[in-house]
Structure formats: structure tokens, C-alpha cells
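Fold and contact review
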Amino acid sequence: MPQWLAAGGAGLLAGSALLLGSLIAWFVDVPRRIVAVVMSFGAGVLISALSFELVLEAVDQGGVLATVLGFAVGAVAFVGFNVLLARAGARHRKRSGGQQPSADEGGGAAIALGALLDGIPESMVLGLSFLTGGGLSVAMLGAVFVSNVPEGLSSTAGMKKGGRSPAYVFGIWGGIAVVSGLAALAGYALLDGAAPTTIAFVNALAAGAILAMITDTMVPEAFEEASLYSGLIASIGFLVAFSLHALG
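Residues numbered from 1 in each chain as written. Predicted model: local features only at pLDDT ≥ 70, side-chain atom pairs only at ≥ 80, totals over all residues. Heavy atoms only, no water.

In the annotation of an unreviewed UniProt entry, the entry for the chain reads Zinc transporter, ZIP family, and the organism field reads Tessaracoccus oleiagri.

Let's shift gears to empty space enclosed by the protein. The tally for this structure, following the rule as stated, stands at two cavities of 30 Å³ or more. In this model, the second largest cavity occupies a volume close to 30 Å³. As for the second largest cavity, its lining consists of Ser48, Ala49, Phe52, Glu53, Ala139, Ala143, Ala241, Phe242 and His245. When contributions to the lining of the second largest cavity are tallied by element, the ones reaching two or more residues are helix H2 (32-62), helix H5 (138-161) and helix H8 (230-247). The leading source of residues in the lining of the second largest cavity is H2, at four residues. Split into classes, the residues belonging to the lining of the second largest cavity amount to six nonpolar, two polar and one charged. (1 Å grid on protein atoms, 1.4 Å probe; cavity = no way out; pocket = protein on both sides within 12 Å on 5 of 7 lines; lining within 4 Å. Points joined across faces, edges and corners; volume = space filled by probe spheres on them. Helix = DSSP H or I, 4+ residues; strand = E, 2+ residues; numbered from the N terminus. Nonpolar A, V, L, I, M, F, W, Y, C, P; charged D, E, K, R; others polar.)

What follows concerns the packing of aromatic side chains. One pass over the full model with this rule turns up five aromatic pairs. Between Trp26 and Phe170, the ring centres sit 5.7 Å apart and the planes meet at 65°, which makes this aromatic pair edge-to-face. One end of the pair, Trp26, is in helix H1 (residues 3-27); the other, Phe170, is in helix H6 (residues 166-191), and 144 residues separate them in sequence. The exposure class assigned to Trp26 is buried, which follows from its relative accessible area of 15%. Residue class for Phe170 comes out partly exposed when judged on its relative accessible area of 21%. Ring centres of Phe130 and Tyr188 lie 6.3 Å apart, and the angle between their planes is 85°; this geometry places the pair in the edge-to-face category. Of the two residues, Phe130 sits in the loop between helix H4 (108-128) and H5 while Tyr188 sits in helix H6, which places them 58 residues apart along the sequence. Taken individually, Phe130 and Tyr188 each receive the classification buried, so the pair is uniform in this respect. Ring-pair connections join several aromatic residues into one group, and the members of that group are Trp26, Phe27 and Phe170. (Phe/Tyr/Trp six-rings, centres within 6.5 Å; stacked < 30°, edge-to-face > 60°. Buried < 20%, exposed > 50% of the residue type's maximum accessible area, 1.4 Å probe, protein only.)

Using the residue numbers shown here, the UniProt feature "transmembrane region" (unreviewed entry) corresponds to residues 6-27, 34-52, 64-85, 125-147, 167-191, 198-215 and 227-247. Between the first and last C-alpha atoms of residues 34-52 the distance is 28 Å; the span itself is 100% helix and 0% strand. Taken end to end, residues 64-85 is 100% helix and 0% strand, and its first and last C-alpha atoms sit 32 Å apart. (UniProt positions renumbered as here; feature names shortened; annotations may be inferred.)

Now the structure itself:
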């Protein structure tokens, strides 16, 4: 299979986990505490993956300066866009309770854009993993897939409570799954042949954006309903992802 096609397929597979979580939440009334537990685990998985699969890889490939600059740019860019989207109604897009604006209150376009903002950095790094040697990072793919399920689950639970239609909900997650595939493909195609420092910068940029996303949209949901145990659960997720990295 051509690597560009494999890259796109990896992004599509990871993005489909959002749709899977969405389907579960729409047809099963999952208790909020369970959603929070799964979200805690997913946050730990992603933190581990961005540490070992992205940041360390970026340092090895492009040096500390490119990594630090990329990470900072990614975090600042995510927060900047997120502030704009929050003001438009997407502040609580990953919350499973009644925090999301209802369909009557609007904010639907902002929620869709916010979900897209959350998913693109994760998908791009899957495409980039083909360029850093060794082919697809199975650990990164697993981490993104595992973390995407609770993201789709929690967000859809909140959308359902807000009166969003099935067409709107599944349209968002189905569309983002496709865009995730295209983002992974773009990460591979646009940077194929790029200098190691450039690839390192982009990897670190994605890591900064992902960490900002975890802190802003995943941790609040995890802490609210599982505050006493969220740290332990996130630590377990971290160790699972680290084990995948070490075994890989």
C-alpha cells in the first residue's frame, strides 16, 4: 500500500473513534461518572503519547530550539482560536452535562469548528509519523483512537441534552472523521522531503496544541465527575500508552 494512502487511512481510523463514541452516547445513556472516568484515561493516554511520540521525537530529529518554538506556537495558536470559539458558544463542547448551549441558543457552527480544531493536530501527526522513520506509529494511533472515543462520547451526550438533531451530531463526527483522514494525508504529503528541523517543529506544534486541548476541554469533564480518582485514572492511561511506546 502506498504510504500516502496508509497515512490517510490511519487518520480516518483514528477519526472514526469520535463517531464510535458518538454512536454509543446517542443510543446508550452512559452515566456521567463513567464518561468522566473514560475521559481521564484518554487524557493520560494523550499526555503520554505527546511526550514520548512527539516531543522526544522532535528533539531527537530537530533539536531543542525547533521543538520549544513549535510547542509554544502550537499552544498559543490553539488557545487563541479556542478563545474565539468559546465566545461564539463552543466553550463546553466536550462536556456531557447541560453546559453546552441548546439548539435554540445557537452556537452550532462554533461547536463544529471547535471539534475540528481539537481533531486536526492529532491527525496530522499520524501522517508525519511515516516521515520520521519506521512507518506508522502504532502507539500514537492507539493513543489517538483511545482518547477520541471518550471525546465523541462526552460531547455527544452534551449535544443530545442540548436538543441537537441526529443529523447535526452524526454529521459533525462523520465529517471530522473524513477531515482527520485528509489531515493525516496532508501531514504526510506536504512535509514529504522537508528538513528534519521543519518536521520537528510541526510535530512539536501539534504536541503543544494537543496539550492545550487536553487541559482546556478534557480535564474539566474528567475532574468534575471523578475528581477523587481522575489523577489515578489518568496515570494508568499514561502508563498504558508509555508501555505501547516502549514495546513498539
